[in-house]
Amino acid sequence: MQQPLAIKLRPTKLDEVFGQQHLIGEDMILRRCVQQQRLFSMIFYGPPGCGKTTLAFALANELNLPYRFFSAVEGNKKELTTIFEEAKLTGGLVLIIDEIHRLNKDKQDLLLPHVESGLITLIGATTSNPFFAINPAVRSRCQLLEVKPLNNEDIKKAVMFALQSTKGYNNTLTISDDALNLIVNHSGGDLRYCYNLLEICAIGCHHNHIDKDLVIKYSPIANASYDKDEDGHYDTVSAFQKSIRGSDVNAALYYLARLCMANDLDSIERRLLVIAYEDIGLANPAACGRTINAIDAAKRVGMPEALIPLGVAVIDLTLSPKSRSGVGAIHKAYEVCQQKQADIPIYLRLTPVGLSEDEKYDYSAKDKWHKIQYLPDSLKDEEFYIPNTNSNYEKALAENYKKLKQYYRTNDLKKLK
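Small disclaimer: the values here were computed from a predicted structure and weren't measured.

A closer look at the overall build of the protein chain
From N to C terminus, the protein chain includes 20 helices and seven strands. Taken over the C-alpha trace, the protein chain has a radius of gyration of 30 Å; the compact-globule value for 417 residues is 22 Å, which it surpasses by more than 25%. Within the span of the protein chain, comprising 417 residues, buried residues form 42% of the whole. A fraction of 74% describes how many contacts in the protein chain between residues 6 or more apart in sequence connect residues 24 or more apart.

Structure, rendered in structure tokens:
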């Protein structure tokens, strides 16, 4: 069976790796490992196709160390046990584990003592955030090294290498500048995607020439290096909310489009609702209602038409005045509740016991309600709500709040009567 192009071109030493100069450049950590002939346990994390397992294989090869590959998705305990027995016989092994975040507890229990003793030098690879996805016991025994998406210049160099290398197409193919740029742009920093696209174009081209139309035929849209369950999706969600908060309408629409490419309307709708109430809130309460209407419309029409009401909502929220006073107030109140509990004043309880009639809350005395102390005595001076005056609506709230603060509130209801 013929190997994919990405496998045939896989580097065997660091000098053949594209990108990642923060790891393999002069005086950088992986370069120092090769120079000093030393290796430590590490976890490479980053998006798909940026070279995590490639770096692992290149390191082991260049250091001339025996290594074994294990897939956390497909491998079983028996395979791991066999690797550990081999390591005992040979005095140690480098163990490269792909998708290490999927390593279950049983396999981790087998792995940890051997990493601890140094019998196994672990090199893990994961597309997930290691601070959340990797078991702390594994994480504490490894250095975490980020592997970044390749930039356009690195991808372009990789394409030219593939066309010229004897391991690739050995100068038997030509490519137009437009086609080259399109492959680079559609790859999204994912070299594996780039090589797969180049390979299918090489099969489908006429007269050994790849043009722009051919690339469009096999790659009508740019590669999105995430799906709705991957970290890249959540990074995009984060950028989406920050763009709306920062009132950058073009960035907000761009990240909405990226999220829609993952076809996960549920998380888009949840995030829009959170943004509406968290970032816009009291500055423009009507926008919160309009967001709900837009979400309802998006659900009714489905994709791709759902883009229209969602886009309108994003423009509305992004260019609206902002106020985080609401979220700040409830979070501060929640924090106080976590730190200390206070007794509810007896006159506010549903069925107060031991109070005379003139000490009880008077449901008919509307003119006295704003003079009553409602917070427990130990919290009576707390202020959770700090008004924001970015809009006329909240300015009106702030004015009313200022007037109400001028009244002395009392827990002696008898005096009020």
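Re empty space enclosed by the protein
Remark: the empty space left among the atoms is shown by a probe the size of a water molecule rolled over them. Under the criterion given, the structure shown has one cavity of 30 Å³ or more. A volume near 40 Å³ is recorded for the largest cavity. When the residues that make up the lining of the largest cavity are grouped by side-chain class, the tally is five nonpolar, three polar and no charged.

Quick look at the pattern of salt bridges
Pairing is possible between side chains that carry opposite charge, provided their charged atoms lie close to one another. Scanning the entire structure with this criterion turns up 16 salt bridges. The residue Arg 245 makes a salt bridge to Glu 278 at a minimum N-O spacing of 3.9 Å. Of this pair, Arg 245 sits in helix H13 (residues 231-245) while Glu 278 sits in helix H15 (residues 265-280), and the two are 33 residues apart along the sequence. Under the relative-accessibility criterion, Arg 245 is labelled partly exposed at 33%. For Glu 278, a relative accessible area of 18% translates into the label buried. A salt bridge links Asp 296 to Arg 300; the shortest N-O distance between them is 2.9 Å. Of this pair, Asp 296 and Arg 300 both sit in helix H16 (residues 285-301), four residues apart, which is roughly one turn of the helix.

Some words on the environment of Leu 350
For Leu 350, the position within the fold is in the loop between helix H18 (325-339) and helix H19 (392-405). Taking the relative accessible area as the measure of exposure, Leu 350 reaches 79% and is therefore exposed.

Some remarks on the packing of aromatic side chains
Scanning all chains against the criterion turns up seven aromatic pairs. Ring plane angle 65° and centroid distance 5.1 Å describe the contact between Tyr 254 and Tyr 255, whose orientation is recorded as edge-to-face. With a centroid separation of 6.3 Å and 15° between ring planes, the pair formed by Tyr 361 and Trp 369 is classed as stacked. With relative accessibility at 22%, the residue Tyr 361 sits in the partly exposed group. The residue whose ring lies beneath Lys 405 is Tyr 401, and the NZ or CZ to ring-centre distance is 5.0 Å.

Some remarks on the packing of helix H3 (residues 29-36) against helix H4 (residues 52-62)
Following both chains from N to C, one finds H3 and H4 inclined at 20°, their axes separated by 10 Å at the closest point. As summarised for this structure, H3 and H4 are arranged roughly parallel, according to the angle between their axes. Considering only the axes of H3 and H4, their crossing is right-handed. In this structure, H3 uses Leu 30, Cys 33 and Val 34 to contact H4, whose residues at the interface are Leu 55, Leu 59 and Glu 62. Considering only residue class, the contact of H3 with H4 consists of five nonpolar, no polar and one charged.

Quick look at the sheet that holds strand S1 (residues 42-45)
Backbone-to-backbone hydrogen bonds join strands into a sheet, with any given pair of strands oriented parallel or antiparallel. The parallel open sheet is built from five strands, whose spatial order is S2-S3-S4-S1-S5. In the strand order of this sheet, the two ends are held by strand S2 (67-71) and strand S5 (143-146), each with one partner. Neighbouring strand axes in the sheet, compared pairwise and without regard to direction, differ in orientation by 20° on average. The sheet contact formed by S1 and strand S4 (residues 120-126) spans four bridges and is parallel. Looking at the pairing, Tyr 45 lines up with Thr 126 of S4. Seen against the sheet, helix H5 (residues 77-90) touches S2, strand S3 (93-98) and S4 and runs at an angle of roughly 160° to S3.

Focus: the packing of H5 against helix H6 (residues 105-117)
Across the interface, H5 lies against H6 with an axial gap of 10 Å and an inter-helix angle of 10°. Viewed along their axes, H5 and H6 adopt a mutual orientation that is roughly parallel. Between H5 and H6, the residues in contact are Lys 77, Leu 80, Thr 81, Phe 84 and Lys 88 and Asp 106, Lys 107, Leu 110, Leu 111 and His 114, respectively. Of the residues assigned to the contact of H5 with H6, the class counts are four nonpolar, two polar and four charged.

Some points on the environment of Ser 128
In this structure, Ser 128 sits in the loop between S4 and helix H7 (130-133). Taking the relative accessible area as the measure of exposure, Ser 128 reaches 12% and is therefore buried. As a C-alpha pair, Ser 128 and Val 336 span 208 residues in sequence and 34 Å in three-dimensional space.

Concerning unusual backbone geometry
Residue Pro 304 is bonded to the preceding Met 303 through a cis peptide linkage, with omega at 5°. With respect to the secondary-structure elements, Pro 304 resides in the loop between H16 and helix H17 (307-319). In this structure, Glu 99 takes a positive phi of about 55° despite not being glycine. Following the sequence through the fold, Glu 99 ends up in the loop between S3 and H6. At Ser 247, a position not held by glycine, the phi torsion is positive, near 60°. For Ser 247, the location among the structural elements is in the loop between H13 and helix H14 (249-261).

Concerning the nonpolar core
The biggest cluster of nonpolar side chains holds 50 residues, and the ones touching the most others in it are Leu 30, Phe 44, Leu 55, Leu 59, Leu 198 and Ile 210. Those residues within four positions of Leu 55 in sequence are excluded, and the remaining contacts are Leu 14, Val 17, Gln 20, Leu 23, Ile 24, Leu 30, Phe 44 and Val 147.

Here's the deal with H16
The first and last C-alpha atoms of H16 sit 25 Å apart over 17 residues, in line with the 24 Å expected at 1.5 Å per residue. Among the residues making up H16, those that are buried are Ala 287, Cys 288, Thr 291, Ala 294, Ile 295 and Ala 298. Here the buried residues of H16 occupy an arc of 120° about the axis, which is enough to place them on one side. Relative to its buried face, H16 has exposed residues pointing more than 90 degrees away, namely Asn 293 and Arg 300. Taken from the residues just after H16, Gly 302 is the one with a positive phi, measuring 70°.

How each quantity is defined
- Each chain has its residues counted from 1, following the order in which its sequence is written.
- Thresholds applied to this predicted model are a pLDDT of at least 70 for local features of residues and 80 or more for the giving and counting of side-chain atom pairs; totals over whole chains, interfaces and linings are not thresholded and use all residues.
- Where side-chain values are given, they derive from all heavy atoms of the structure, hydrogens and water being excluded.
- What counts as a helix is a DSSP run of H or I of at least four residues, what counts as a strand is a run of E of at least two, and both are numbered from the N terminus.
- It is over C-alpha atoms that the radius of gyration is taken, and the globule rule equals 2.2 Å times the number of residues to the power 0.38.
- Only protein chains enter the calculation, and the probe is 1.4 Å; a residue is then buried if its accessible area is under 20% of its type maximum, exposed if over 50%, and partly exposed in between.
- Only heavy atoms enter the contact rule, under which two residues are in contact if any of them lie within 4.5 Å.
- Cavity: a set of points on a 1 Å grid over the protein atoms alone where a 1.4 Å probe fits but cannot get out. Pocket: an open set with protein on both sides within 12 Å along at least five of seven lines, its lining residues, like those of a cavity, having an atom within 4 Å of a point.
- Grid points are joined across faces, edges and corners, and a volume is the space filled by probe spheres set on the points.
- Any residue outside Ala, Val, Leu, Ile, Met, Phe, Trp, Tyr, Cys, Pro, Asp, Glu, Lys and Arg is labelled polar, Gly included; the first ten of those are nonpolar and the last four are charged.
- Salt bridges are identified by distance alone: a Lys or Arg side-chain nitrogen within 4 Å of an Asp or Glu carboxyl oxygen.
- Stacked, tilted and edge-to-face are the three classes assigned to paired rings of Phe, Tyr and Trp, where Trp is represented by its six-membered ring and a pair needs centres within 6.5 Å; plane angles under 30 degrees give stacked, over 60 edge-to-face, the rest tilted.
- Each ring is checked for a lysine NZ or an arginine CZ that lies within 6 Å of its centre and within 35 degrees of its normal; such an atom marks a charge sitting over the ring.
- Whenever a helix is involved, its axis is fitted only over the stretch in contact; in every case the axis is a line through C-alpha atoms, and angles between N-to-C directions fall within 0 to 180 degrees.
- Any angle that is under 35 degrees is reported as roughly parallel, and any over 145 degrees as roughly antiparallel; angles of 65 to 115 degrees are reported as roughly perpendicular and all others as oblique.
- For any pair of crossing helices, the crossing counts as left-handed if the nearer helix is rotated counterclockwise from the farther one by less than a right angle, and right-handed if it is rotated clockwise.
- When DSSP locates at least two bridges between a pair of strands, those strands are taken to pair.
- For the purposes of this section, nonpolar cores are sets of buried Ala, Val, Leu, Ile, Met, Phe, Trp, Tyr and Cys residues that join through side-chain atoms within 4.5 Å.
- The span one expects for a helix is its residue count, reduced by one, times 1.5 Å.
- By arc we mean the arc of the directions from the helix axis to the C-beta atoms, nothing more.

Bear in mind that shape data such as this cannot, by itself, settle questions of function.
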